[in-house]
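Chain by chain, the residues run as shown.
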Amino acid sequence: MKPEQLKETILKLKDDQNAVILAHNYQQEEIQLLADYIGDSLDLARYSAKVKENVIVLCGVDFMAQTAVLLNPDKTVIIPDPEAKCPMAAQLPAELVREAKQKHPDAAVVLYVNTLAEARAEADVTCTSANAPLVVNALEEKKILFGPDRNLAWFVQRRSDKQIIPLPDRGYCYVHRMFSPADIMLLKERYPDAEVLVHPECDPEVQQLATHICSTSQMLLRAKASPAKRFIIATEVGLVERMKREFPDKEFIPALETAVCEQMKLHTLEKLYLALRDIKHVVHVPPEIAARARAATERMLEISGRATSD
Ligand code: SF4
């Protein structure tokens, strides 16, 4: 099928199947352009909790699809390519969380949503890069087991007087660890008027060179609100493409052209079409795990919603 024909077929199928297509900011442009909604993990979690359609096509990685399942137990959630699995989420098995809880019984467990449902079922609350300090500071406990991203833990520690214990010791996102201080310094010298927007999954040395440290949705808000005309962007390049599209009068320079999340890019229009046509690659989370992980996710939405409406 030719690309245009494929797009039209997908849109028709979407209506026939009573489906909605959600895409993460790091998706291929062709998928973003077709999606009903594009956002970061928190946006997608919030949006999926409100959809009316029976089928949710989640163009993101495994843990995002699991979040949609947790928040929509009566709907069918499908993922175009089931191999789209986040390597960072895989770094924190549930067993490791259980062991850490035994070792630190007085600590609250805050897990980034970039964690598989089985581990999230062990958490008191989840968080995203957009709301991590807010969630941690809303808790009563003074000690926090925080995982799986060590750089995000460092970012939170700088914004909280609680004791943050990273779990595992060195969890990381391979995409955000690609950025180097030297690359950022070079771009800053070349474009001294540019704002530098850095994702909190980047190394501390890179975060320290930022004008603002933001989640992807916060980067979009900053690009819109800022008087600056030029931005150096340190996150996955899919977001840079979205920024160029949405703010054509501003300039966006990727801090690293090769910062690509291979797992996110596994989804294609062809795979989206096949999954939607056959309602295949349905994501399942065992009910007992889902109930506990849902409670941790809902607590996050409650805390972040409370802050939004304040
Ligand atoms: S960008 Fe990093 S955290 Fe996000 S899905 Fe890819 S590997 Fe996982």
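Source: prediction; values computed, not measured.

Thoughts on helix H1 (residues 3-16)
The first and last C-alpha atoms of H1 sit 20 Å apart over 14 residues, in line with the 20 Å expected at 1.5 Å per residue. Every buried residue belonging to H1 is among Leu6, Ile10, Leu13 and Lys14, and all of these are buried. End-on, the buried residues of H1 take up no more than an arc of 105 degrees, which puts them together on one face. When the buried face of H1 is taken as reference, the exposed residues oriented beyond 90 degrees from it are Glu4, Glu8, Lys12, Asp15 and Asp16. Buried residues in H1 make contact with strand E1 (19-24), helix H2 (29-34) and helix H13 (269-278). Taken from the residues just after H1, Asn18 is the one with a positive phi, measuring 55 degrees.

Side note on the packing of aromatic side chains
Under the criterion given, the structure shown has three aromatic pairs. Their ring planes at 15 degrees and their centres at 5.3 Å tell us that Phe231 and Phe252 sit as a pair that is stacked. Of this pair, Phe231 sits in strand E11 (residues 230-234) while Phe252 sits in strand E12 (residues 251-254); the two residues are 21 residues apart in sequence, bridging distant segments of the chain. The two residues Phe231 and Phe252 agree in class, both being buried. Taken together, a centroid distance of 6.2 Å and an interplanar angle of 50 degrees make the contact between Phe247 and Phe252 tilted. Overall, Phe247 belongs to the buried group, its relative accessible area being 12%. Taken together, the ring pairs in this structure connect Phe231, Phe247 and Phe252 into an aromatic cluster.

Looking at the site of the ligand
With respect to spatial proximity, the complete set of residues near the ligand consists of Tyr26, Val61, Cys86, Pro87, Met88, Asn114, Cys173, Tyr174, Val175, Glu201, Cys261 and Met264. Residues that form the shell around the ligand fall into these classes: ten nonpolar, one polar and one charged.

Observations concerning the domain arrangement of the protein chain
Annotation of the protein chain at the domain level lists domain 1 (3-85 + 264-279), domain 2 (89-173 + 289-309) and domain 3 (176-254). Computed over C-alpha atoms only, the centres of domain 1 and domain 2 are separated by 26 Å. Counting from both sides, the interface comprises eleven residues of domain 1 and, opposite them, 20 residues of domain 2. Of the roughly 1,200 Å² buried at the junction of domain 1 and domain 2 (both faces included), carbon and sulfur atoms supply 67%. Remark: the boundary between domain 1 and domain 2 carries zero salt bridges. For the side of domain 1 that touches domain 2, the elements supplying multiple residues, two or more each, are helix H3 (41-48) and helix H4 (62-71). Sort the elements by how many residues they give to the side of domain 1 that touches domain 2 and H4 lands first, with six residues. Within the side of domain 1 that touches domain 2, the residues separate by chemical class into five nonpolar, three polar and three charged.

Quick look at the nonpolar core
Among the nonpolar cores identified, the biggest contains 83 residues, and Val110, Phe146 and Met243 are the most heavily contacted of them. The biggest single contributor to this core is H4, with seven residues. Sequence-distant contacts of Val110, defined by excluding residues within four places in its chain, comprise Val125, Cys127, Val135, Val136, Leu139, Ile144, Leu145, Phe146 and Gly147. Membership of the second largest hydrophobic core comes to 19 residues, among which are Ile10, Ile31, Ala35 and Val57.

So, how was this worked out
- Residues numbered from 1 in each chain as written.
- Predicted model: local features only at pLDDT ≥ 70, side-chain atom pairs only at ≥ 80, totals over all residues.
- Heavy atoms only, no water.
- Helix = DSSP H or I, 4+ residues; strand = E, 2+ residues; numbered from the N terminus.
- Expected span 1.5 Å × (residues − 1).
- Buried < 20%, exposed > 50% of the residue type's maximum accessible area, 1.4 Å probe, protein only.
- Arc of directions from axis to C-beta.
- Contact = heavy atoms within 4.5 Å.
- Phe/Tyr/Trp six-rings, centres within 6.5 Å; stacked < 30°, edge-to-face > 60°.
- Near = heavy atom within 4 Å.
- Nonpolar A, V, L, I, M, F, W, Y, C, P; charged D, E, K, R; others polar.
- Domains from an automatic or database assignment.
- Buried area = accessible area lost by both parts, 1.4 Å probe.
- Salt bridge = Lys/Arg side-chain N within 4 Å of Asp/Glu carboxyl O.
- Core = buried A, V, L, I, M, F, W, Y, C linked by side-chain atoms within 4.5 Å.

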